[in-house]
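# Chain and residue survey
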Amino acid sequence: MSILIDKNTKVLVQGLTGSQASFHTERAIAYGTNVVSGVVPGRRGQTHLDLPIYNTVECAKRLTGATASIIYVPAPFCKDSIIEASENGIETIVCITEGIPTIDMLDVKAAIDLNGSRLIGPNCPGIITPGQCKMGIMPESIHMPGSVGIVSRSGTLTYEAVNQSTIAGFGQSTCVGIGGDPVPGSDFIDMLKMFQDDDETKAIVMIGEIGGAKEEAAAEFIKEYVTKPVVSYIAGVTAPKGKRMGHAGAIIDGGKGTAEDKYAALEKAGVATVRTITAIGDALKEVHP
Amino acid sequence: MNLHEYQAKNLYRKYDIPTTKGKLLTHPSQLDDILRTIGKDKWVIKAQVHAGGRGKAGGVVLVDSKYEANEEVRRLLGSRLITHQTNSEGQPINSIFVEEPCDIVDEIYLAFAVDRTTQRIIIITSSEGGMEIEEVAEKTPEKILRNPINPIVGIMPAQCRQICDDLGLDKTLSAQMIDLMQKMYKMFVENDLSLIEVNPLVATKQGYLMCLDGKVQVDNSALYRQPKINEIRDESQEDERELKAEKLDLNYISLDGNIACMVNGAGLAMATMDLIKTHGGEPANFLDVGGSVNEKRVIQAFEIILSDKKVNGILVNIFGGIVRCDVIASGIISAAEKMNLNIPIVVRLEGTNAAEGLELIRNSDVSVYEEANLDKAAQKIIELTEQINEGAN
């Protein structure tokens with residue numbers, strides 16, 4: 001088992017013909033991902049990377065049976081593309097694009113929640129179930145099928161954790177980069193729940209960052225629900241206090257959001273915390289069953 | 001991107017949101033005309049800077065003579081205002097907003113902001129408006145009201161009525177408040193804002209609501225579709241190097257240390273800073289080169305890093321995903337050749353095309369230290385810069 005995606009997942013690519021999409025889709029196919037088609041408005045009937053292209057998700061899904069979609073379209077068009085995928089019954093949607101206006105994401109989130117679609121991202125590295133399916137831009141070579149579930153807000157920090165869990169010999173069940181935007185499609189809790197319920201996942205690595213209160217909420221959830229060992233690192237202990245305008249941010253966060261607050265909450269929930277990104281592998285060796 | 005108070009008030013007026021009348025000046029010679037146009041015998045002199053806490057810092061003053069107005073304008077204009085929300089250098093005062101004071105009966109706090117927890121725009125209100133709002137939020141959180149807006153239907157009259165009841169407003173003020181909140185939500189959405197904060201929103205002796213202040217923030221990701229707002233951006237309020245970096249699509253924040261970092265990804269950039277500090281060094285900056293970096297961008301990143309004269313060593317830490325390590329390596333080589341670099345550089349390349357990148361560096365004439373282990377890379381750059389420091393002493 002794994003979470004979200006596996007070797008049976010049929011993947012379509014929205015914005016397939018773009019340069020980044022082409023580069024990463026080619027690698028995903030070489031990795032063994034079952035990519036079935038691309039959706040690029042106005043390019044119906046063409047092929048790219050030997051894949052058929054359709055104008056709409058509706059058509060691509062009907063003709064190829066796609067169940068998941070990865071989105072590379074430019075930021076101004078992402079709201080349309082994500083909602084299109086969701087409205088047409090795509091279960092797992094990954095949006096790689098960065099720089100989507102926040103107002104667009106508020107609309108997107110409200111719309112897709114009604115359909116029960118699972119959105120990962122935007123502004124994220126995507127998902128990989130090693131040896132089976134890659135929907136994202138991560139370097140495949142560092143991954144290894146195994147037992148650690150990894151979830152992170154940051155792309156490159158996910159890679160660090162993956163690398164260390166591979167070197168430590170555990171490998172990964174599934175790795176998910178949920179993205180660092182203000183309004184992400186999924187958060188830590190969604191992934192923690194799936195990892196807890198997944199038989200193959202034996203330990204979880206969660207990598208957070210300063211700002212917001214998602215890590216604190218995750219700590220609460222871990223205390224209540226997660227019985228598997230969790231290793232956690234929070235980036236930004238040394239980050240300077242940013243310049244700010246007005247008081248609303250402070251009022252909303254209610255004093256939460258510093259790395260120390262997050263560490264304290266996680267430690268209270270029994271999480272094995274590490275203070276440097278390079279210490280994840282060693283911590284895993286200690287807690288992994 | 002932040003707006004000045006006077007720009008926020010212009011936006012209010014566009015949406016027919018009640019606010020005080022005022023005039024902007026950028027030179028003391030404009031003052032006489034402005035005071036005459038406004039009339040009255042009392043005025044408020046307000047420094048236009050991108051920071052809160054202006055009142056306490058002396059950036060907002062009530063004056064009751066032309067002489068005093070002139071004194072204050074001359075004191076403020078061209079100086080820098082340091083508030084608890086700025087850094088130690090403060091923000092430059094290049095313009096001043098002069099307005100008529102109003103007779104205040106009551107002060108309300110009103111803000112619209114994006115709440116990450118509910119993933120909604122929320123209306124934050126409090127009957128305890130005024131300067132101490134953060135203290136109110138901390139000590140008496142029950143006096144802060146939060147009402148999320150469902151984006152599918154937008155702001156609803158019923159939730160506005162609820163807010164007015166909870167604030168204890170009378171019938172005439174409630175009617176104005178409901179209207180004001182609906183206009184403000186429209187303004188928020190249509191202009192891609194990330195914050196509107198009115199502190200205080202006042203009830204006047206004459207029975208009217210009036211926005212006395214305006215802190216408005218625009219979502220940078222949406223500036224491409226807000227050309228009019230982009231035009232009024234005041235770059236003098238922003239850090240010069242940070243601004244230059246932003247124009248190059250680089251995410252840069254300058255810090256006080258001596259070891260520069262060049263990293264891909266904001267998370268890894270923060271983790272790299274943390275690591276330098278853990279090993280006893282001081283980072284000179286945060287720099288995320290982003291996902292779409294090319295060779296030219298790497299050279300530009302080096303230029304920005306090196307424009308900070310405190311820098312005497314560079315740690316490059318790239319974990320390639322969407323970024324290709326060979327591209328970064330070519331950039332480092334070109335930058336080193338072009339800029340004749342004479343400070344130590346430690347390079348750690350992992351991930352996509354890392355082997356190709358290291359190959360390029362090894363085959364070049366550029367002298368950089370490569371180190372695959374991130375801990376060791378951080379220790380190495382600290383050791384090398386310490387040698388320089390000792391040499392200098």
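Given the structure is predicted, the values throughout are model-derived calculations rather than measurements.

Our focus in this paragraph is the overall build of chain A. Helices and strands together make up the secondary structure of chain A, namely ten helices and 14 strands. In summary, chain A has a C-alpha radius of gyration of 19 Å against a globular reference of 19 Å for 289 residues, a match within 12%. Principal axes of the C-alpha set define a box for chain A whose edges measure 55 × 50 × 30 Å. Put simply, chain A has 289 residues, and 57% of those count as buried. Long-range pairs, those at least 24 residues apart, make up 73% of the contacts in chain A between residues at least 6 apart in sequence.

Here we take up the packing of helix H11 (residues 325-339) of chain B against helix H12 (residues 354-362) of chain B. Residue and element names in this part refer to chain B. Two elements in contact, H11 and H12, have axes whose closest approach is 7 Å; the angle formed by their N-to-C orientations is 20°. When the interaxial angle is binned, H11 and H12 end up roughly parallel. For the pair H11 and H12, the sense of crossing is right-handed. Of the residues in H12, those in contact with Cys325, Asp326, Ile328, Ala329, Ser330, Ile332 and Ile333 of H11 are Ala354, Glu356, Gly357, Leu360 and Ile361. Classifying every residue of the contact of H11 with H12 gives eight nonpolar, two polar and two charged.

We now examine the pairing of strand S12 (residues 215-218) of chain B. All names here are of chain B. Going residue by residue along S12, you find Lys215 and Gln217 tucked away on one face and Val216 and Val218 tucked away on the opposite face as well. Bridging between strand S10 (residues 193-204) and S12 involves four bridges; their strand directions are antiparallel. The residue of S12 that forms the bridge with Leu193 is Val218.

Bring the parts together and some accessible area is lost; that lost area is often taken as the interface size. At the interface, 60 residues of chain B touch 52 residues of chain A. Ranked by the residues each element gives to the side of chain B that touches chain A, the list is headed by helix H9 (residues 266-278) of chain B, at ten residues. Considered class by class, the residues forming the side of chain B that touches chain A number 25 nonpolar, 22 polar and 13 charged.

Right, let's talk about the nonpolar core for a bit. One finds Ile71 of chain A together with Met262, Leu287, Leu315 and Ile332 of chain B to be the most contacted residues of the largest nonpolar core, which totals 190 residues. Sequence-distant contacts of Leu315 of chain B, that is, excluding residues within four places in its chain, are made with Ile259, Cys261, Thr272, Ile276, Val346, Ala377, Ala378 and Ile381 of chain B.

Once that is clear, we can look at the domain arrangement of chain B. As assigned here, chain B comprises domain 1 (1-19 + 103-238), domain 2 (21-101) and domain 3 (239-392). Summarising the inter-unit geometry, the C-alpha centres of domain 2 of chain B and domain 3 of chain B are found 43 Å apart.

Residues and elements named next belong to chain B. Helix length check: H9, at 13 residues, gives a terminal C-alpha distance of 18 Å against a target of 18 Å (1.5 Å per residue), a fit within 8%. Along H9, the positions that sit buried rather than exposed are Ala266, Gly267, Leu268, Ala269, Met270, Ala271, Thr272, Met273, Asp274, Leu275 and Ile276. Among the residues trailing H9, Gly280 stands out with phi positive, at a value near 95°.

Another aspect to go through is the environment of Lys244 of chain B. Mapped onto the fold, Lys244 of chain B is located in helix H8 (residues 240-247). We classify Lys244 of chain B as partly exposed; it has 16 C-beta atoms within 10 Å.

Attention now moves to the confidence of the model for chain B. This prediction gives chain B a mean pLDDT of 91; 99% of its residues lie at or above 70. Highest mean pLDDT in chain B belongs to helix H6 (residues 171-190) of chain B (98); lowest belongs to H8 of chain B (83).

Residues and elements named next belong to chain A. Between helix H5 (residues 155-167) and helix H10 (residues 280-287), the shortest axis-to-axis distance is 8 Å and the interhelical angle comes to 50°. In terms of orientation, H5 lies oblique with respect to H10. When you trace H5 past H10, the crossing you get is right-handed. Facing Ala161, Gln164, Ser165 and Ile167 of H5, the residues of H10 in contact are Ile280, Gly281 and Leu284. Per-class residue counts for the contact of H5 with H10 are four nonpolar, three polar and no charged.

All names here are of chain A. Here chain A is described as being made up of domain 1 (11-120) and domain 2 (138-287). Inter-centroid distance (C-alpha atoms) of domain 1 to domain 2 is 26 Å. Facing the nine residues of domain 1 at the interface are eight residues of domain 2. With four residues, helix H4 (residues 102-115) is the single largest residue contributor to the side of domain 1 that touches domain 2. Its residues assigned to classes, the side of domain 1 that touches domain 2 shows five nonpolar, one polar and three charged.

It is worth spelling out unusual backbone geometry at this point. With an omega dihedral of 5°, the bond running from Gly121 of chain A to Pro122 of chain A counts as a cis peptide bond. Looking at where Pro122 of chain A falls in the secondary structure, it is placed in the loop between strand S7 (118-120) and strand S8 (126-129). With omega at 10°, the peptide bond leading from Asn199 of chain B into Pro200 of chain B counts as cis. Inspection of the secondary structure assignment puts Pro200 of chain B in strand S10. A positive phi angle, near 60°, is found at Asn123 of chain A, a position not held by glycine. Its location among the elements puts Asn123 of chain A in the loop between S7 and S8.

Criteria and cut-off values
Residues numbered from 1 in each chain as written. Chains lettered and ligands numbered in written order. Predicted model: local features only at pLDDT ≥ 70, side-chain atom pairs only at ≥ 80, totals over all residues. Helix = DSSP H or I, 4+ residues; strand = E, 2+ residues; numbered from the N terminus. Rg over C-alpha atoms; globule rule 2.2 N^0.38 Å. Buried ≥ 20, exposed ≤ 12 C-beta atoms within 10 Å, placed from the backbone. Contact = placed C-beta atoms within 7 Å. Axes fitted to C-alpha atoms, helices over the stretch in contact; angles between N-to-C directions. Parallel < 35°, antiparallel > 145°, perpendicular 65-115°, else oblique. Left-handed = near helix turned anticlockwise from the far one by under 90°. Nonpolar A, V, L, I, M, F, W, Y, C, P; charged D, E, K, R; others polar. Pairing = 2+ DSSP bridges. Core = buried A, V, L, I, M, F, W, Y, C linked by C-beta atoms within 7 Å. Domains from an automatic or database assignment. Expected span 1.5 Å × (residues − 1). pLDDT = per-residue confidence, 0-100.

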